[in-house]
Amino acid sequence: MVLTHGGCTQKDIQCLSTLGLAVHPQTLHRKLATWESTLSENLLQIKEAWANGGETKYQLVGDNWDKNILPSYRTTERGTLSLHLFNVYAVVDRVIPTSKSPDVGVHTQVDLSLLTFIPSIDEQDILLKELTFQFASSVIEHHPKLKQNFQHIYPIHLKHKYSQFAGLKTTQYPLGLFDCNENKTQEIIQLMKTLSDLFVPIKDGDMVEPVFFGGDRLTDERVNGAQCAMKNENSPTERLEGFISKIEDFHRLMNFLEAIHKLTYDTGSGRDPCTMYYYRNLLNARNVKGHVKNSYRPYKQLFYTVLDALCIVHFLHHFHLADLDSEIPFPDNFMQMTNEDKIDWLNETCRTILKGEFFDNEDDIFSSLRKILEDPNHEENYWVSCRQNQRFHCHFCDRNYACVGSLKAHEERVHNYIARVQKKTQSKEQRKLKDYISMLFKLILIHRNLDEAVDMGDGERSTRSAKYELPIYHKTGKTKYTIGSIHLTALVSGLLSPQQTERLIANRFVNVQGGANNNIALDEYLEMLNRDSKIACRGHQTKESILKHSKEYPLLVEMTKHVEKISSASVRKGFHHLPSYTADVQLVLKDLLERNAVQSEEEIKCKNLIAERNPFDKCASKLSTMIQRHNPTSPYCRLKDPHV
C-alpha cells in the first residue's frame, strides 16, 4: 500500500512480489475493492433510510481535479496528457435539525428586501460579542501581564448553538473521480444526472428531498447553469432539482482576503510607514508575494500579525499606557475576584474599546448604506424600486414593462427623462494614516471572525458574515463572490424550508480529528483530498486507469498516514510551529507605538491605497441593482435576472 501510494508502477510491485518482498498487485486491488464496496453500501443504506423518513442525511461536495501527465518520451502522437476530471465526496450531517416542518422540498417564492442583505443593528450587536472574544483572546496571547492572569481561565471556544456538535468527528465517503470537465455544461449535466440516480433519495418514483451540493463559486455557477439549461423538462429529477448548490467557506476566506489585499496592500507603498507592504518588508516576509490565491496562508499570517499588534495598541491607548511594561490598572480587589468576574471585567474593557475603534461609538456602522438602500427615491434605487409583481412601472404614467431597459427607453422617449450618470471624481480629501489603520483593523477583524467561525464549527456566524463581505466584494469588483454572498444570504433568509435552512447553516464543516476548534471548511477538505490523490495516482498514467482506481486513493492516503504515524516516519508540514510569530507581533507593535500610527495625521502618498475610516460608507454605487439582478426567487436556476 505504501508503494502504491508513492506512485510505484504495477510492474515494479509485481517484481517485488516475485522476490517475496510484497504482496501481488491483484491481492491489493481485491482488498481495496472490498473497502470500496463497503463504503458504497454504507452510503446507499443512509440514502434508503433517508427516502423512508430517516433523520440521518448527507451532502455532496465537488471540485475540479486537473493534472498534466508528462510522457516518458515525447513524439508527435505522444504529448502531454491534460486531464480535467471532477472529484466528489459525501459528508454525513452531524446536526439533525430540530424543525420537523412538513414542507421539506417545497419552496415558495419570497420577496426579500434590499436591507436583508446587510447586517441589522441586532446582528451587529451579535458581532460585537464575537469580536470581543477575538480581541480578548489576542491581547491575552500577546500581553505578558494579561497572559499571566487570564491564560488558564479565559475560554478558548466561543459557545454557540451547535457547540455540542463542533467537536464530533464527521463521517465522509469518497465517491471517486468522474470524467467531467467543469467548464463544459453538457458534461456537468451528465454528471448531475449520474449523481442524481445514485445519491438523491427517491421513493415511489418521486424525489423525497434535494441534496445539498457544495463547492467553490465556479462550481456553484456551473451547477446553476446546468439547471437553467434543463429547466423546461417535465419532472424535478430531469430538471436536476435533486441538488441545491451552495458556496463553501474556504474560498470565501481566500477571496475576502484578496478584497482586503486590493484595498490595503500595494508594492508601491514601501515608503509609507505602517502600511501592509511596509510591514512585509520590515518583517522580511519573503513568502508573501504574488497573488493571494497562490500564497493564502503567508498573506493571512502577515495580516493577522498586524491585527494582533493593533489589538495591543488599542488596549494600551485605552488605559493611557506607554508600553507592555506599564502596569495595567486592574480593579483594587482584582486578586480576590472570582474567575467569572475577572473574565467579565476583561470582556467589558474589550467591548468598550471595540465600541470606539470598530463601531466608531455608533450603533450602526452601516447607517449611510442603510439610508440609501431603504430610500426608494434615491437615485441608486430609481429603477429597481419601481418593480411590482415582476413588472417595472413607469414613474410618470400607467405603463409597465418586463425589462428595466424597456422602461428606460420609454421614459426617455415619451417623458424626456434621462437618467443622471454620476462621473467618478477623484477625491481631494487628505488620506490620513489613522483612517487607513482604522479601516485595516476593521476588515481584518471581520476576516478573522469568519476564520474562527469555521474553526469552531459556528455555522450561524459563518453565514451571517456574508452580509459584511458583500459591500467589500462589490467595492473591489469581485463580482462572482458578490453574487455568492447574495445567494447565500437569500438561501438562509427564507428561500429554503426551516429544516433545510438549519441543515445548510449547521453542517458546513468537516472535523477529521475531533475537538471543538478543529473544524475545516468542506471545500478546504476537498482541496486536501485533491492534493493527496494527485500524489497517490502517479503509478497510473492514463485517464482510464486513474478513473478506475480513483476510489482507492483516499484509502491509500489514510492507510499510509497510519503507517507513517506508527513508524514515526512522518514530519508535520505547514504552519504548525511559528517560533517567530510572537516576535513579529512585538516588532510591529513597537513600530506602531513609536509612530503613534492609530492617531497619526500623516498623509499616505501611495495613490493605490484606500484610507476610509469606515470601509462600508462608499459601497452603494450600483449595489441595489446588483442585489435585484441576482436576488434568487428559487433555490435552483439562480443565474442573473435578465430583466434587470
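Position numbers for residues count from 1 along each chain, tracking the sequence in the order it is written. Side-chain atom pairs in this predicted model are given and counted only at pLDDT of 80 or more, local residue features only at pLDDT of at least 70, and totals for whole chains, interfaces and linings cover all residues. Hydrogens and water molecules were not included; the side-chain quantities draw on all heavy atoms of the structure.

In the annotation of an unreviewed UniProt entry, the entry for the chain reads C2H2-type domain-containing protein, and the organism field reads Magallana gigas.

Draft legend 1. Just the overall build of the chain, in detail. The secondary structure content of the chain amounts to 24 helices and twelve strands. Here the globule rule is a power law, 2.2 Å times the number of residues to the power 0.38, and the radius of gyration is based on C-alpha atoms. Here the chain has a C-alpha radius of gyration of 27 Å; the compact-globule value for 644 residues is 26 Å, and the two agree. In terms of overall dimensions, the chain has C-alpha extents of about 75 × 70 × 60 Å along its principal axes. When burial is assessed residue by residue, the chain has 53% of its 644 residues classed as buried. Taking as baseline every contact in the chain between residues at least 6 positions apart, the subset at least 24 positions apart corresponds to 77%. All accessible areas in this document rest on Shrake-Rupley with a 1.4 Å probe, and a residue is counted as covered only by the protein chains that are shown. Of the roughly 30,700 Å² of accessible surface on the chain, 50% is carried by carbon and sulfur atoms. Lys and Arg are tallied as positive, Asp and Glu as negative. Neither His nor the chain termini are counted. By convention, the point assigned to a charge is CZ for Arg, NZ for Lys, CD for Glu and CG for Asp. Seen as two clouds, the 80 positive and the 81 negative side-chain charges of the chain have centres 5 Å apart. Helix and strand labels come from DSSP, where a helix needs a run of H or I of at least four residues and a strand needs a run of E of at least two; each type is numbered from the N terminus. Under the scheme applied here, a residue whose accessible area is under 20% of the maximum for its type counts as buried, over 50% as exposed, and between as partly exposed, the area being computed with a 1.4 Å probe on protein chains only. For this analysis, residues touch if any pair of their heavy atoms sits within 4.5 Å.

Draft legend 2. Summary view of the UniProt feature "domain: C2H2-type" (unreviewed entry) in the chain. The positions that UniProt labels "domain: C2H2-type" (unreviewed entry) are, in the present scheme, residues 392-415. Structurally, residues 392-415 is divided into 46% helix and 17% strand, and its ends, taken at the C-alpha atoms, are 16 Å apart. UniProt positions are given in the numbering used here, feature names are shortened, and annotations may be inferred rather than shown by experiment.

Draft legend 3. Region of the structure containing the sheet that holds strand 1 (residues 58-69). One open sheet holds the five strands; their spatial order is 3-2-1-6-7, and the pairing between them is mixed. Each edge of the open sheet is held by one strand with a lone partner, namely strand 3 (172-178) and strand 7 (243-247). Strand-to-strand, the axes of this sheet are offset by a mean angle of 25°, without reference to chain direction. The sheet contact formed by strand 2 (residues 81-92) and strand 3 spans five bridges and is antiparallel. Pairing of Asn87 across the sheet is with Leu177, part of strand 3. Running over the sheet, helix 20 (residues 522-536) touches strand 1, strand 2, strand 3 and strand 7 and is turned about 35° from strand 1. The pairing criterion for strands is at least two bridges between them, as found by DSSP. Here an angle of 0 to 180 degrees is reported between the N-to-C directions of two axes, which are lines fitted to C-alpha atoms, with helices fitted over the stretch in contact.

Draft legend 4. Quick look at the sheet that holds strand 10 (residues 400-401). Strand order in the open sheet made by the three strands is 8-9-10, with antiparallel pairing throughout. Each of the sheet's edge strands pairs with one partner strand only, and the pair in question is strand 8 (387-388) and strand 10. Of the strand pairs in this sheet, strand 9 (residues 391-393) and strand 10 are connected by two bridges, and their pairing is antiparallel. Directly across from Phe392, in strand 10, lies its bridge partner Tyr401.

Draft legend 5. Fine view of the pattern of salt bridges. What makes a salt bridge here is a side-chain nitrogen of Lys or Arg within 4 Å of a carboxyl oxygen of Asp or Glu, nothing more. Tallying each qualifying case throughout the model produces 32 salt bridges. Put simply, Asp93 and Arg503 hold a salt bridge, and the shortest N to O gap is 2.7 Å. Of this pair, Asp93 sits in the loop between strand 2 and helix 4 (121-142) while Arg503 sits in helix 19 (residues 498-506), and the two are 410 residues apart along the sequence. With a relative accessible area of 12%, Asp93 lands in the buried category. Arg503 sits in the buried class, given a relative accessible area of 2%.

Draft legend 6. View of the environment of Cys8. Within the element layout of this structure, Cys8 appears in the loop between helix 1 (2-5) and helix 2 (10-18). Discounting residues that sit within four places of it in the chain, Cys8 has contacts with Leu3, Ile13 and Gly539.

Draft legend 7. A look at the packing of aromatic side chains. Note on aromatic pairs: the rings of Phe, Tyr and Trp (six-membered ring only in Trp) are paired at centre separations within 6.5 Å, and the planes decide the class, stacked below 30 degrees, edge-to-face beyond 60, tilted for the rest. Going through the model one piece at a time under the given rule, you end up with 25 aromatic pairs. Here the aromatic rings of Phe330 and Trp345 are separated by 5.4 Å at their centres, their planes lie at 55°, and the arrangement is tilted. Of this pair, Phe330 sits in the loop between helix 11 (296-318) and helix 12 (339-357) while Trp345 sits in helix 12, and the two are 15 residues apart along the sequence. Of the residues examined, Trp345 reaches a relative accessible area of 17% and is grouped as buried.

Draft legend 8. Examining unusual backbone geometry more closely. One non-glycine residue with positive phi stands out, namely Asp360, at about 55°. You can see Asp360 is positioned in the loop between helix 12 and helix 13 (367-373). One non-glycine residue, Lys622, lies in positive phi territory at about 65°. Mapped onto the elements of the fold, Lys622 is located in the loop between helix 23 (581-595) and helix 24 (623-630).

Draft legend 9. Spotlight on the nonpolar core. As used in this record, nonpolar core signifies buried Ala, Val, Leu, Ile, Met, Phe, Trp, Tyr and Cys residues forming a set joined through side-chain atoms within 4.5 Å. With 112 residues, the main nonpolar core has Leu346, Phe358, Tyr436 and Leu592 as its most contacted residues. Here this core takes 14 residues from helix 11, the largest share from any one element. Among residues more than four places away in sequence, those in contact with Leu346 are Ala136, Ile140, Leu146, Phe150, Tyr154 and Phe315.

Draft legend 10. Quick peek at the state of the cysteines. By definition, disulfides here are pairs of cysteine sulfur atoms that lie within 2.5 Å. One pass over the full model with this rule turns up zero disulfides. Take Cys311: it sits in no disulfide, and the sulfur closest to it among the cysteines is that of Cys350, at 8.5 Å.

Draft legend 11. The arrangement of the environment of Lys432 in detail. Along the chain, Lys432 turns up in the loop between helix 14 (404-414) and helix 15 (433-455). As a C-alpha pair, Lys432 and Thr237 span 195 residues in sequence and 57 Å in three-dimensional space. If we ignore the near neighbours within four places in the chain, the residues touching Lys432 are Ser600, Glu601, Glu602, Ile604 and Ala611. Pairing of N or O atoms within 3.5 Å defines a polar contact, subject to two protein rules: one partner must be a possible hydrogen donor and the other a possible acceptor, and residues neighboring in sequence count only if both atoms are side-chain atoms. One polar contact links Lys432 to Glu601, side chain to side chain, over a distance of 2.8 Å.

Draft legend 12. Spotlight on the packing of helix 7 (residues 185-199) against helix 8 (residues 217-229). Taken N-terminus to C-terminus, the directions of helix 7 and helix 8 make an angle of 85°; their axes are 9 Å apart at the nearest point. Relative to helix 8, helix 7 is oriented roughly perpendicular. Seen from helix 7, the contacting residues are Thr185, Ile188, Ile189 and Met192; seen from helix 8, they are Arg222, Val223, Gly225, Ala226, Gln227 and Ala229. For this classification, under 35 degrees means roughly parallel, over 145 means roughly antiparallel, 65 to 115 means roughly perpendicular, and everything else is oblique.

Draft legend 13. Molecular detail of the pairing of strand 1. Judged by how many residues are buried, strand 1 sits mostly within the fold: nine of twelve residues are covered. By the bridge criterion, twelve bridges tie strand 1 to strand 2 in an arrangement that is antiparallel. Across the sheet, the residue bridging to Asn68 is Ser82, located in strand 2. Of the strand pairs in this sheet, strand 1 and strand 6 (residues 211-215) are connected by two bridges, and their pairing is parallel.

Draft legend 14. Local environment of the side chain of Asp451. In this fold, Asp451 is placed in helix 15. A relative accessible area of 10% means that Asp451 is categorised as buried. Polar contacts involving the side chain of Asp451 include one to the side chain of Tyr304, which spans 3.0 Å. Not counting chain neighbours up to four residues away, the residues in contact with Asp451 comprise Leu253, Lys300 and Tyr304.

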